[in-house]
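# Fold and contact review
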Amino acid sequence: MKYTKELISHFSHPQHNLKFEYTETPFKCDGCKEAGIGSKYTCKICDYDLHMHCAIPTSPSIFHPFYSKCSFQFLARPPGTKPRYCNACRKDVTGFVYHCHSCGYDLHPCCAKLPTMLDDGEVKLFLYRKVRSTCHKCGRKGRRSWSYRSKCKKYNLHVACVKEMLVETWHEIYFGGSLNHNGLKNGIPSLKGTLLQNQHRRSKTKVRKCCEIGAFALQFVISAVLGDPTTLIVGVVGSLMSK
């Protein structure tokens, strides 16, 4: 992920400039309140962090191919007083958000910027708004949230399921008291026991191959959801998940 300035001023943190940093330790974005990793802008004095997408929105308004009739405006807080959720991941919106005033849709900044395709040269994953296939994380069918599906259409993963894995980790870190901020790097859930529970009837060879694809796909999707789907950070996420 490229950046334009090493130092920026930001309306959400006027007391200090924010400096660009590339980190392999997961962080919590103080703008959208979601998890992040990789590229960010940070204030070391105040321990204040922003995703790239939150620090430097590409424009005050964006369009998304899934909602061709909508214009999403970047807002510092959700509009109104009622609880709102992201139409991509179905998770609560509590901070920075892209909001469509005409239809009422909301998107987390990182969800709004999810790549429509993830490709490492071998495995290709495509982003869909609606998929009827079984999710290899939760084992359920249905249109729960946006999904990434492999080119062969045999692997599917809800964006919501990835968010749930991360939300559970954040809850443990910030409310369970068992981990400190530096413990985040060991807080990303392990793949063991979470994938392909519905594949037990297949041959061992097919299951093993699907597990390999599924594990690699999950690394890519987690990196995208965290705001930095680069090959480098994908490898970092993979190493963190294996711990």
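Each residue is numbered by its place in its chain's sequence as written, counting from 1. Two thresholds apply to this predicted model, a pLDDT of at least 70 for residue-level local features and 80 or more for giving and counting side-chain atom pairs, whereas whole-chain, interface and lining totals are computed over all residues. Processing note: side-chain calculations cover all non-hydrogen atoms of the structure and skip hydrogens and water entirely.

Where an unreviewed UniProt entry is consulted, the protein chain appears under the name Plastid division protein PDV2-like, with the organism given as Heracleum sosnowskyi.

## A look at the packing of aromatic side chains
To describe a pair of aromatic rings, one takes the distance between the centres and the angle between the planes. Stacked, edge-to-face and tilted labels apply to pairs of Phe, Tyr and Trp rings (six-membered ring for Trp) whose centres lie within 6.5 Å, assigned for plane angles under 30 degrees, over 60, and everything in between, in that order. Under the criterion given, the structure shown has eight aromatic pairs. Geometry around Phe27 places Lys40 over its ring, the cationic atom sitting 4.9 Å from the centre. The ring centre of Tyr128 lies 4.4 Å from the NZ or CZ of Arg149, which sits over that ring. Lysine NZ or arginine CZ positioned within 6 Å of the ring centre and within 35 degrees of the ring normal marks a charge as sitting over the ring.

## Let's talk about the pattern of salt bridges
Salt bridge criterion: a side-chain nitrogen from Lys or Arg within 4 Å of a carboxyl oxygen from Asp or Glu. A full pass over the atoms with the stated rule returns four salt bridges. Lys40 serves as the salt-bridge partner of Glu21, at 3.6 Å between the closest nitrogen and oxygen. You can see Glu21 sitting in strand S2 (residues 18–28) and its partner Lys40 sitting in strand S3 (residues 35–43), a full 19 residues away along the chain. In this scheme, a residue with accessible area under 20% of its type's maximum is buried, one over 50% is exposed, and one in between is partly exposed, where area comes from a 1.4 Å probe on protein chains only. Take Glu21: its relative accessible area is 21%, and that puts it in the partly exposed class. Owing to a relative accessible area of 6%, Lys40 belongs among the buried residues under this scheme. Three or more residues joined by partner-sharing salt bridges are found here, namely Glu21, Lys40, Lys44 and Asp49. Only DSSP runs of H or I with at least four residues qualify as helices, and only runs of E with at least two residues qualify as strands; both kinds are numbered from the N terminus onward.

## Looking at the sheet that holds strand S4 (residues 48–51)
Two strands pair under a simple rule: DSSP has to find at least two bridges between them. What the four strands build is an open sheet, ordered S1-S2-S3-S4; its pairing is antiparallel. For this open sheet the edge positions go to strand S1 (7–8) and S4, each flanked by a neighbour on one side alone. Two elements, S2 and S3, share seven bridges in a ladder whose sense is antiparallel. By the bridge assignment, Lys19 is partnered in S3 with Thr42.

## Some words on the UniProt feature "domain: DC1" (unreviewed entry) in the protein chain
UniProt positions are given in the numbering used here, feature names are shortened, and annotations may be inferred rather than shown by experiment. UniProt annotation of "domain: DC1" (unreviewed entry) refers to residues 11–55 and 75–112 when read in the numbering used here. Summarising residues 75–112: 11% helix, 26% strand, and an end-to-end C-alpha distance of 13 Å.

## Digging into the sheet that holds strand S11 (residues 117–119)
Whether parallel or antiparallel, the strands of a sheet pair through hydrogen bonds between backbone atoms. The strand order S11-S12-S13-S14 describes an open sheet built from four strands, whose pairing is antiparallel. Each edge of the open sheet is held by one strand with a lone partner, namely S11 and strand S14 (156–158). Pairwise comparison of adjacent strand axes, ignoring direction, gives a mean angle of 20° for this sheet. Across three bridges, S11 lies against strand S12 (residues 124–128) in antiparallel orientation. When the bridges of S12 are listed, Asp119 appears paired with Lys124. Only the contacting stretch of a helix is used when fitting its axis, a line to C-alpha atoms as for every element, and angles between N-to-C directions run 0 to 180 degrees.

## Examining the environment of Thr134
Its place among the elements puts Thr134 in the loop between S12 and strand S13 (147–150). The sequence separation of Thr134 and Leu157 amounts to 23 residues, and the corresponding C-alpha distance is 8.2 Å.

## Some details on the environment of Gly227
In this structure, Gly227 sits in the loop between helix H4 (204–225) and helix H5 (231–241). Using a relative accessible area of 6% as the deciding quantity, one classes Gly227 as buried. The spatial distance from the C-alpha of Gly227 to the C-alpha of Gly38 is 7.6 Å, given a sequence separation of 189 residues.

## What about the pairing of S13?
Residues Ser147 and Arg149 point to one face of S13 and Tyr148 and Ser150 to the other, with burial holding for every one of them. Pairing of S12 with S13 involves four bridges; the strand directions are antiparallel. Residue pairing across strands places Phe126 opposite Arg149, the latter belonging to S13. In this sheet, S14 lies alongside S13 in antiparallel orientation, the contact comprising three bridges. Looking across to S14, one finds that Tyr148 is bridged to Leu157.

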